[in-house]
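Okay, here's what each chain looks like letter by letter:
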2 protein chains.
Amino acid sequence: MGEKFISERNLRFLLYEVFDAVSLTRYPYYADHSREMFDMVLETAMRIGKDMLYPTLGEMDKNPPELAGDHVKVHPVVRTFMRECGEGGWISAIAPMERGGQQLPSIVNFVPNGIFAAANYSASVYLLLTSEASHLIESFGSDELKETFIPRMFSGEWQGTMALTEPQAGSSLADIATVAEPTDEGYYRMRGQKIFISGSDHDGVDNVVNLMLARIKGAPAGVRGISLFVVPKKRVGENGELVFNDINVTGLYHKLGYRGCPINQLSMGEADDCRGYLVGEPHKGLAYMFQMMNAARLAIGLGAAAIASAAYYASLEYSQVRLQGRRMTEKDPATPQIPIIEHADVKRMLLFQRSVVEGSLSLIAQCYQYSDLAIVSEGDEKERYSLLLDLLTPVAKSYPSEMSILSVSQGLQILGGYGYCDEFPLEQYYRDTRIHPIHEGTTGIHGTTLLGRNVTMKDGRALQLFLEEVQKTIGAAEALDELKPSAQKLRDALEKLQGVTAHLLDIAKEGNREVFLADATLYLELFGIITIAWQWLLQAVPVQKALRNTDGLSETDVAFYHGKMYTFRYFFGYELPKADGLIRRLMETDGLTVEMKAAYFSD
Amino acid sequence: MGEKFISERNLRFLLYEVFDAVSLTRYPYYADHSREMFDMVLETAMRIGKDMLYPTLGEMDKNPPELAGDHVKVHPVVRTFMRECGEGGWISAIAPMERGGQQLPSIVNFVPNGIFAAANYSASVYLLLTSEASHLIESFGSDELKETFIPRMFSGEWQGTMALTEPQAGSSLADIATVAEPTDEGYYRMRGQKIFISGSDHDGVDNVVNLMLARIKGAPAGVRGISLFVVPKKRVGENGELVFNDINVTGLYHKLGYRGCPINQLSMGEADDCRGYLVGEPHKGLAYMFQMMNAARLAIGLGAAAIASAAYYASLEYSQVRLQGRRMTEKDPATPQIPIIEHADVKRMLLFQRSVVEGSLSLIAQCYQYSDLAIVSEGDEKERYSLLLDLLTPVAKSYPSEMSILSVSQGLQILGGYGYCDEFPLEQYYRDTRIHPIHEGTTGIHGTTLLGRNVTMKDGRALQLFLEEVQKTIGAAEALDELKPSAQKLRDALEKLQGVTAHLLDIAKEGNREVFLADATLYLELFGIITIAWQWLLQAVPVQKALRNTDGLSETDVAFYHGKMYTFRYFFGYELPKADGLIRRLMETDGLTVEMKAAYFSD
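The rules behind each value
- Residues numbered from 1 in each chain as written.
- Chains lettered and ligands numbered in written order.
- Predicted model: local features only at pLDDT ≥ 70, side-chain atom pairs only at ≥ 80, totals over all residues.
- Helix = DSSP H or I, 4+ residues; strand = E, 2+ residues; numbered from the N terminus.
- Rg over C-alpha atoms; globule rule 2.2 N^0.38 Å.
- Buried ≥ 20, exposed ≤ 12 C-beta atoms within 10 Å, placed from the backbone.
- Contact = placed C-beta atoms within 7 Å.
- Core = buried A, V, L, I, M, F, W, Y, C linked by C-beta atoms within 7 Å.
- Nonpolar A, V, L, I, M, F, W, Y, C, P; charged D, E, K, R; others polar.
- Least-squares fit on C-alpha atoms with pLDDT ≥ 70 in both.
- Pairing = 2+ DSSP bridges.
- Domains from an automatic or database assignment.
- Axes fitted to C-alpha atoms, helices over the stretch in contact; angles between N-to-C directions.
- Parallel < 35°, antiparallel > 145°, perpendicular 65-115°, else oblique.
- Left-handed = near helix turned anticlockwise from the far one by under 90°.

**Student:** When you look at the overall build of chain A in this model, what are you seeing that I'm missing?
**Tutor:** Helices and strands together make up the secondary structure of chain A, namely 19 helices and twelve strands. Since a compact globule built from 603 residues should have a radius of gyration of about 25 Å, the 24 Å found for chain A is in line with a globular shape. Projected onto its principal axes, the C-alpha coordinates of chain A cover approximately 80 × 65 × 60 Å. Counting the 603 residues in chain A, one finds 59% classified as buried. In chain A, the share of contacts with a sequence separation of at least 24, taken over all contacts with a separation of at least 6, comes to 76%.

Here it is as C-alpha cells:
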C-alpha cells in the first residue's frame, strides 16, 4: 500500500490560488484567522490522516462493527479519533466562537474533512455526523438542548446522527411514521423504527445523540406533519447521570463497503420509555433537517471525491513502478519493459481519475465558498450566495458520487488482476465509494430536486446567477489566448444547457409533470458535466498565468501546473463531449418511460 | 432472494425468432439435431441452474476456496456439478461426435452456458475452462494427448485451465519466461511461475490439465518463441496411475468477487520433475492458444451479460414489490404508496439493464452463429464468417464486460440502501462482474486489437463484411414503417463510424502509431454501441412482425414483444446518442495522452 491519498499541493492550490480563502479574513466574522492558521489546519490534518486514519483503513474494513450484546463494537481507533477531533476542535470547527466553536470558514474546514475522508472514509463519518448534528441543535434548539448536548458532542464524547429513514419511508420522507407523544413533562414519548442510521450505536463514544424526524401524535399526513427531535441513546438524569433511553439496536447491516462505520436499525420505545426533545417548533422538522441534509450532501460529495483521490494515488503509484510491455514503436522484444504509465491508454485512465478528483474538489470548494460568503453578506448578496449554494448542492453531491465509482473502477483497471485482489486498496475503494449515490438522497432524488425545484425557484433566479458565474469565468479565460478555444466550448455547452432547460420547462408548462421529470437524472448528469467543465476553466486561469513566467517556480510546481493543464485539456477533450449525447436525448422527450406499462417487464 | 435469473422466453426468442438456429440442421454436420433437442438442452440446463447452481450462489461467495495443505478446497457443489457436466455431455457439447462430443451448434450451447453463468458465474467457469481446454487439445494435440486427456476432461473428472499470465507478463505475453527443457523421453521439463490461473488447483476434480504457454530453452525472444504445453497437475504413470507432476500452488488470491472459483499462483519444477507435453509444433503456441482465448472471450462476454441478467431480474422483482412514494401527480400523502416500478426513473434504470442484457446476449448469439456457419461453410463463405467472428470478438467480449458493471450498478441503485447490503444478491453481482474487463485481455488490449489489427486485416475486408451485415439489417428494418426512423439513425451512426475509422487510419498512414491507437479504447466503445444498436434493430424486425397480428398470441407473449419494443426504443433513444460524444472526441485527435509526460502526474 502506497503513501499518498491526497495532494496537499492541490488543496493549497484550491484554497489560495483559485478561491483565495485568505480574502475571507477581511470580513469581521473571519478576522481572527490568517493564512498561517489555514496552513496549520492543513498540516495538522495531514498528520492525523497519515498517522492515525490511513494505517487503519484496511483493518477497519476487515474487522467491521459487530453487535456485542446490546451495543455495537467498533475498531478502537474510532474512540482515539473522536477524542482527537474533540481536542483538536475539528468537530466544532465551523461553529461560532460564542458557542465554543472555531468559526473557521467552511472552505478551510473542507481541507481536514477531505483529508480525513481520503485517508479513511468510514472514520471521517463519525466526525462529520457529530459536527453536523451539533450544528443543527445550535441553529434551532433551545438553550437547554444546546447546553446539554453541544459541549459533549464538541468534545467527541458523544456521537451525533441523523435518523430519518424508516422501513416504509426511504426516499419518501412524507411517509415517516415514528410517533412522538407529548407528555406534561416537556419531553415526548417516542415510538417507532429507524433503519440505515449511520453511527447510531457504537462503543467509540459514551453516548449517541440522534437527530430524529418523527410525527407528533395527531400531526397532519405528509411532510407537513414532521417534527425534529433530539433522541439520545442515554438521556441525562436528574443528577446528571446517564440513563438508558430505551433505544435498542435491532440490527446491523452487512454492507458491501464503508464497513468501518456501523449502520444500524433502531427501535424506539419498546419499554415505552424513550424520550425525545423537540427541536424548534412542531411540524417544521423537515425544514430544519434540510440544514443538516444539505451539509451532509456536500460532505458526501467531498467523501466521494476523497475516495476517488485515494484511489487515484494508489493507481498512479502502481503505474509508475509496474513494468509491462513496450512503446508501440519498439519492435524488439529483448528490450526492457517500461512502466505502464508510459502507455497512452494508462495516461488516459489516470487523467480521467485526476479530472474527476480535482474537478469535484474544486466544485465542492466553490460551494463552501458560497456558504462562507452567505454568512458574511447581507441582503441581495446573501440571497445570491445562498441561491447558488442551494442550486449547486445536488450537483456537488451527485457528480462526485456517480463519477467516483467510475473513477475508482478505472483506477482498479489500471492494476489489472491485482486491482481485483485485496493486496491493493483499490477493491476496497471500489466497494466503499458505491454508497455515495445512495445515501443522503439517491441520484434520482437529486435530479428531481435540481430540475423540478432548483432551476425554477425564485422565478429561475438561481439558474440565472449560475449562468452569470460561469460567464464570468468564461470572460476571464477568454483574456488568455491559450484558454480561448475552451472558453468558447464552454460557452456553447452553456447555451445548449439553456436550450435544454427551456425545452423541458415548456413541457412542464404543458402540465405533464411526469414527462417533464422523466429524464431529470440525465439533466443532472448534463448539468454536472458542464459545471465541472466550468470548474476546470476556473482552475486553468491561475494555472496559465503561473505558466507564463516560470522563473522562480520550483520544478515540482512547474510539473504540477503542466499536469493541471493536461487534466484541464483532458476534461474538455474527453468529458465535456459527453454532454452531446445527453443533450440529444433530453431534446427528444418522448415520454417513453412514463408511457411504458410495468407489465411489459414481465419476461 | 428471487427466483429468476434469466429469461427462458428471451433465449427462445434469440434461438428461434432472431437467429433461426433450427436452420443449421439442414447442414449435414448438424443434421442429427432438431428443435426438440434444442428445447431439451434449454430445459435441462434451466433445471440444473435452478436446482443446483443458483441455490449455492451466496454460499460459494461466503465460503471462498481455501488452501488446505498442498491443495485448494472448494465448495462441494463443484464436484457434483462437474460430474453432472460430464454425464450430461455439457463439457463435450460442441466437440465432434467422432471425438465423443455432441456436435451441438455453438449458438445452442450458448443457452446452457448462459443459464449456468446467470445462475452462478463462478461455478460455470469450471465447465467452460474444461470444455475450452479439451477443444484446444482436440484441435492441435497428438493422438496420444487426445486419448490421455480428453475422455477424463469430458467426463468432468479432470479440470482444464489456461495458464498464460506470469508475474512479469500480464498483458505482455511476449515476455513469458516459463522454460520448457527438451528431454530424450518425449516430454519437456518445465520450470517457472504462473499467476492468476483460474481453477488451476481444486478438490472438485481428480486432476487438473493446464494448457500452458512456455518458451522452449533457446527459443527466440518475443511471441515467436512461445510454445504450448499440456502440463497436468498429476501425470499418468507407466501403469496408468496418477503421479504428482511437481506443480505447487504457491498462492491463492483473495478477490473482490468471483469467489466461488479459485485463482492460483503456480510454481512448476521446484523438484525439477514437472513434465510438459508439447502441443503441435514448437514456437506456434500463441497461435494455438488464440483458439482458446477467443472462445474464452466470447464466454466472458456471455458471463458478463449473464450476471447482468441475474441482477436485472433481482432488481425487477424488488421494484415490483417495494412500495415507495406516489405518482408525481398525486398530492395527497394519505393515499397508499405505489410499487417503485411505477416511477419513470426506475423504469429507465430497468430499461437500461434490460437493454444491456438482451443486446449483449443477442450479439454473443450472433457471434456463435458466425462460428457455426464457418464450420459448415467452404471457401469464401467460410472466410466471410470467420472474419466476422474475428472482427467482433473484442466487441462481444468488451461491451458486455464494461456495460455489465454499469448495468449491475444501476440494478443495485434500484434497491437503494438494500442494494448495498448482503441481504440481496446485487452487491455480490456488483463484485463478481467487475472481473470481466480484466480477465482474457483488458478492455484496453481489445481496443488495440480492434483498431490496430481487426479493422485493417485482409485490407479491411472484415470491416467491409460487418458494414454489409449491418446494412442488411437496416434494409430489413426499413421495410417496416415503425422501424424506419431507427433504421435511419443507425445508418447515420454507421456512416459516422466509417468517417471516424477513415480519420484514424489516415493518422496511422502518417506513421504515428501511438497517436493512432491512443484512443483505441474509445473506438471500441463506439463500435460496441453501434454494434448493439444493430442487434437491437435485428431483434426489432421479428418483434414488429409479431405485433402486427397478435391474434393467437398469449398475453405474456404480447407483453414480451411490447417490452422488447420499449427496450429497443430505449436503446436508440438513450444509448445510441452516447456515440455522439465519442465521435466528437475521436475526430479531434490531438495526441494529448501520448504527449503528456509521466512526470506531470507528480502531484
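So, next bit.
**Student:** Looking at this structure, I do not really get unusual backbone geometry. What am I missing?
**Tutor:** As a rule of thumb, non-glycine residues mostly have phi less than zero, and peptide bonds are mostly trans rather than cis. If you check the backbone angles, Lys458(A) has positive phi at about 50° while not being a glycine. Counting through the fold element by element, Lys458(A) comes out in helix 13 (residues 457-478). Here Phe196(B), not a glycine, exhibits a phi torsion of approximately 60°, which is positive. Tracing the backbone shows Phe196(B) in strand 5 (residues 188-198). Note on Phe196(B): 24 C-beta atoms within 10 Å, which makes it buried.

**Student:** Please clarify how the nonpolar core should be interpreted in this entry.
**Tutor:** Inside soluble globular proteins, nonpolar side chains tend to come together where they are buried. With 422 residues, the main nonpolar core has Phe229(A), Leu526(A), Ala533(A), Phe229(B), Leu526(B) and Ala533(B) as its most contacted residues. With residues up to four places along the chain from it excluded, the contact list for Ala533(A) reads Leu490(A), Ala493(A), Phe571(A), Phe572(A) and Leu576(A).

**Student:** How should I be thinking about the interface of chain B and chain A in this particular structure?
**Tutor:** Often the size quoted for an interface is simply the accessible area lost on bringing the parts together. With 79 residues of chain B at the contact, the number on the chain A side is 80 residues. Of all the secondary structure elements, the ones that give two or more residues to the side of chain B that touches chain A are helix 9 (344-376), helix 10 (379-414), helix 11 (426-432), helix 15 (513-517), helix 17 (555-575), helix 18 (578-587) and helix 19 (592-595) of chain B. Looking at the side of chain B that touches chain A, its residues break down into 35 nonpolar, 24 polar and 20 charged.

**Student:** How should the relation of the copies chain B and chain A be read in this particular structure?
**Tutor:** What connects the two chain copies is a rotation about an axis and a shift along it. Between chain B and chain A, which share one sequence, the superposing operator has a rotation angle of 180° and an axial displacement of 0.0 Å; the RMSD is 0.0 Å. Between the two chains, the operation in question is that of a two-fold axis. Here 100% of the interface residues in chain B have copies in chain A that are interface residues too; the copies meet face to matching face.

**Student:** Even after reading the chapter, I still don't get the pairing of strand 5 (residues 188-198) of chain A, so can you show me in this structure?
**Tutor:** Along a regular strand, successive side chains alternate from one face of the sheet to the other. Residues and elements named next belong to chain A. Along strand 5, nine of the eleven residues are buried, which leaves the element largely enclosed by surrounding structure. In terms of strand pairing, strand 4 (residues 179-182) meets strand 5 through four bridges, oriented antiparallel. Looking across to strand 5, one finds that proline 182 is bridged to tyrosine 188. In this structure, the hairpin formed by strand 4 and strand 5 is closed by a connection of five residues, where glycine 186 is found at a positive phi of approximately 90°.

**Student:** For this particular structure, what's the right way to read the domain arrangement of chain A?
**Tutor:** All names here are of chain A. Each domain of chain A was delimited in the assignment, giving domain 1 (32-282) and domain 2 (294-329 + 336-587). The C-alpha centroid of domain 2 is placed 29 Å from the C-alpha centroid of domain 1. The partner domain 2 presents 24 residues to the 21 residues of domain 1 that form the contact. Within the residue set of the side of domain 1 that touches domain 2, elements represented by two or more residues are helix 3 (57-62), helix 5 (106-119) and helix 6 (121-140). Tallying contributions element by element places helix 5 first for the side of domain 1 that touches domain 2, with seven residues. Taken together, the residues that form the side of domain 1 that touches domain 2 break down as eleven nonpolar, eight polar and two charged.

**Student:** How should the packing of helix 8 (residues 285-321) of chain A against helix 9 (residues 344-376) of chain A be read in this particular structure?
**Tutor:** All names here are of chain A. The N-to-C vectors of helix 8 and helix 9 enclose an angle of 155°; their axes lie 9 Å apart at closest approach. Compared by their axis directions, helix 8 and helix 9 come out roughly antiparallel. Our pair here, helix 8 against helix 9, has a crossing hand that is left-handed. Here Leu298, Gly301, Leu302, Ala305, Ala308, Ser309, Ala311, Tyr312, Ser315, Leu316 and Ser319 of helix 8 come into contact with helix 9, specifically with Val346, Leu350, Gln353, Arg354, Val356, Val357, Ser360, Leu361, Ile364 and Cys367. Grouping the constituent residues of the contact of helix 8 with helix 9 by class yields 14 nonpolar, six polar and one charged.

**Student:** What's the story with the pairing of strand 4 (residues 179-182) of chain B in this structure? I'm lost.
**Tutor:** Alignment of strand 4 of chain B against strand 6 (residues 207-216) of chain B, held across two bridges, turns out to be parallel. Looking at the pairing, Ala180(B) lines up with Ile216(B) of strand 6 of chain B.

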